[in-house]
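Given next are the chains, with one letter for each unit.
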Amino acid sequence: MNLTDPSLLRSRCYVHGHWISADSGAFVPVINPATGEEIARVPALGAIETRRAIDAAAGAFAAWRQRTARERAGFLKRWHRLILDNQEDLARVLTLENGKPLTEARGEVEYGAEFIEWFAEEAVRAYGETIPSPWSDRRIVTIKQPVGVCAAITPWNFPLAMVTRKCAAALAAGCTVIVKPALETPLTALALAELADRAGIPPGVLNIVTGPAEDIGREFTAHPKIGKLSFTGSTEVGRQLMAHAASTLKRVALELGGNAPFIVFADADPEEAVSGAISAKFRNGGQSCVAANRFLVEEGIHLTFMQRLAERIAALHVGPGWEEGVSVGPLIHSRAVEKIEVLIAEAVAKGAEIIIGGKRHVLGGNFFEPTLITGVRPTMRLFNEEIFGPVAAVTMFRDEAEAIALANATDYGLAAYFYTQDLKRAWRMAEALECGMVGINVGRVSTTVAPFGGLKHSGFGREGSHYGLEEYLEVKYLCFGV
C-alpha cells in the first residue's frame, strides 16, 4: 500500500483497548475490487466475542458519561487531528479496499474528520431547558443524558465517513460504541480505531468488531445492554434489524436505500444541470444511497441536456482508483456488475435506448462503462430499483405535475434534486417531493452541519447537524418542589 505509517494497517479487531482475533481463528479475506487480489484478512468474530465487546462498552460507559462534555470534546479533537495528519495513508487504505478514486478517498477522509470536529464542538451544547410550571410550588427542568451503549453497523461505500458520522455523535453525547464495519471494507475502520487509541480514548469506549453480519447483528439487536442501534445499509436488512430489535425495545435509527430523482426543468441552466448530474450520479461510481437514480427531464430541454450529458460521460476516465486522473473506479464486487447488466438488459428489452456505455469495461473485472440510457419508463426495474452503479437512466416528462408524480412514485424517500430558475416552482417542488433532503440547483447536499436522513422506506433518524447529537440523548424531566 506504500503507507508512510504501516502500523495503521490493522488486521485484528479492537475491543477494550486490545487487538483481538476470533476465538476459532476464523478470518475473512479483504479483496481489492480493482484487481481481485487479497489485501488482508480480518477476524470472523461470532456471538461470544461480540458479547465481550458489548460488555467492554457497558463497563466503560459509567466513567465516560461522567466526564464533562469538554473532556469528551478534547478526546475527539485529538482524534480529529490525528486523522487529518494521516489523511494520505487513510485515503490509500480506503481506495484499495473500496475502489474509489484516490482524490475522492482523500475527500472522504476530510469529510469524515469534519464530523468528529463538529460533534466535539456540539458536545457542550446538549442543552436542557426550564419550563413554566402550572404549579406555584413546583419548578420544571429538563436535562439530557446519553442513551447508553450504542451499536453501529456501517456500509462499504463510505467506510470512513459512515463510522465517524455515527461514532462522533455517540461519543460526544457520552455513549460508548461498538462498530461493525462492512466486511468488504473493514481496514479503514480498524485504522480509525488505531488513531482513536493514539488519541487516548479510554478502553471500551470505542470498539470495532468484524465478522458475519447475522451473528453480530443478532447480538446487537437482542442484547439488553445495547441502548441504541444505528444502521446504514439496505432496506431489506434494516427491516430485519428493526424487527429483531423490537424484543428489547431499543432505539433504532435506519439510513436505508434510495431512489433519488434528478429533475431538470426546461428553464434550467443546461451547463449547471449537467455538472450537477455528473456530481450526483458518478461520485463513487454511483455507489451512494443519495446518488441520482432517475433523471426526469422536461421535453423542452431533453435533447440539449442529453447531448451535453453524453459528452461529459464520455470524458470520464475509468480505472483503478490509485491511477492519476481516474474519475470512476470499479464496482465493489462482481454481484454489483451482474445486477446492473440485468437492469439494463431488461430496460432495453422493453424499449429503452443506450446512448453511451451499457456494458462491462474493457478493463474487465468489476469495471463497468459509465452509461447513459433514455426512454426509461416507470414499468422498468431500472426506474424502480436502486441502481448503485454508473448508470444514468433518463425519463422525459411534460409538466411540473407529471414530474412530481414520477418523482414520488417510489417507496423510497432519501434525497431528490431538481434544477429550475423559477423561485416559485422551487418552493412548490421542495415541499411536494417526498424525501428527507432536497438539492435545489445543486448536485451534492451532504455536509456535517445539515441533517442527513430520509422518509418512507429510506428509514428514519438524522445524522449530522445538531439533530445528530439529539439521536444519542434522552430527555429527562425534573420536577422540584419549592
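As shown above, the structure is provided for reference.
Throughout what follows, the structure given in this document is the object of discussion. Counting starts from 1 at the beginning of each chain's written sequence and moves along it residue by residue. In view of the model being predicted, local features appear only for residues whose pLDDT reaches at least 70, and side-chain atom pairs are presented and counted only at 80 or more, with totals across whole chains, interfaces and linings using the full set of residues. The basis for every side-chain value is the complete set of heavy atoms in the structure, and neither hydrogens nor water enter the calculation.

### Quick word on the nonpolar core
Residues enter a nonpolar core if they are buried and are Ala, Val, Leu, Ile, Met, Phe, Trp, Tyr or Cys, with the set joined through side-chain atoms within 4.5 Å. Only protein chains enter the accessibility calculation, which uses a 1.4 Å probe; a residue is then buried when its area is under 20% of its type maximum, exposed when over 50%, and partly exposed in between. Trp 79, Ile 83, Leu 171, Val 177, Val 179, Leu 206 and Ile 208 are the most contacted members of the largest nonpolar core, which totals 64 residues. Counting from the N terminus, the helices are the DSSP runs of H or I reaching at least four residues and the strands are the DSSP runs of E reaching at least two. Tallying contributions element by element places helix α5 (residues 161-173) first for this core, with 10 residues. We call two residues contacting when some pair of their heavy atoms lies within 4.5 Å. Apart from residues no more than four positions distant in its own chain, Val 179 is found in contact with Ala 152, Thr 154, Val 163, Cys 167, Leu 206, Asn 207, Ile 208 and Val 209.

### Comments concerning the layout of surface pockets
One number sums up the size of the second largest pocket: a volume of about 190 Å³. Using a grid of 1 Å spacing that covers the protein atoms alone, one calls a set of points a cavity when a 1.4 Å probe fits there but cannot get out, and a pocket when the set is open and has protein on both sides within 12 Å along at least five of seven lines; lining residues are those with an atom within 4 Å of a point. If you go around the second largest pocket, you meet 15 residues; those closest to its centre are Val 30, Ile 31, Glu 184, Ile 332 and His 333. Residue assignment for the lining of the second largest pocket shows that the elements contributing at least two residues are β3 (27-31) and α11 (334-349). It is β3 that contributes the most residues to the lining of the second largest pocket, 4 residues altogether. Grid points are joined across faces, edges and corners, and a volume is the space filled by probe spheres set on the points.

### Examining the side chain of Ser 230
Structurally, Ser 230 can be placed in strand β10 (residues 226-232). Polar contact is the term for a pair of N or O atoms within 3.5 Å; when the atoms are in protein, one must be able to donate a hydrogen and the other to accept it, and sequence-neighboring residues count only if both atoms are side-chain atoms. Looking at Ser 230, its side chain comes within polar contact range of the side chain of Glu 463, at 3.4 Å.

### Some words on helix α2 (residues 69-85)
Expected span, for any helix, means 1.5 Å times one less than how many residues it has. With 17 residues, α2 ought to run about 24 Å at 1.5 Å a step, and its terminal C-alpha atoms sit 24 Å apart, in line with that. Of the residues making up α2, those classed as buried are Arg 72, Ala 73, Phe 75, Leu 76, Trp 79, His 80 and Ile 83. When α2 is viewed along its axis, its buried side chains cluster within an angular range of 160° and face the same direction. Structural note: α2 exposes Arg 70 and Asp 85 on the side pointing more than 90 degrees away from its buried face. This arc corresponds to the set of directions leading from the helix axis out to the C-beta atoms.

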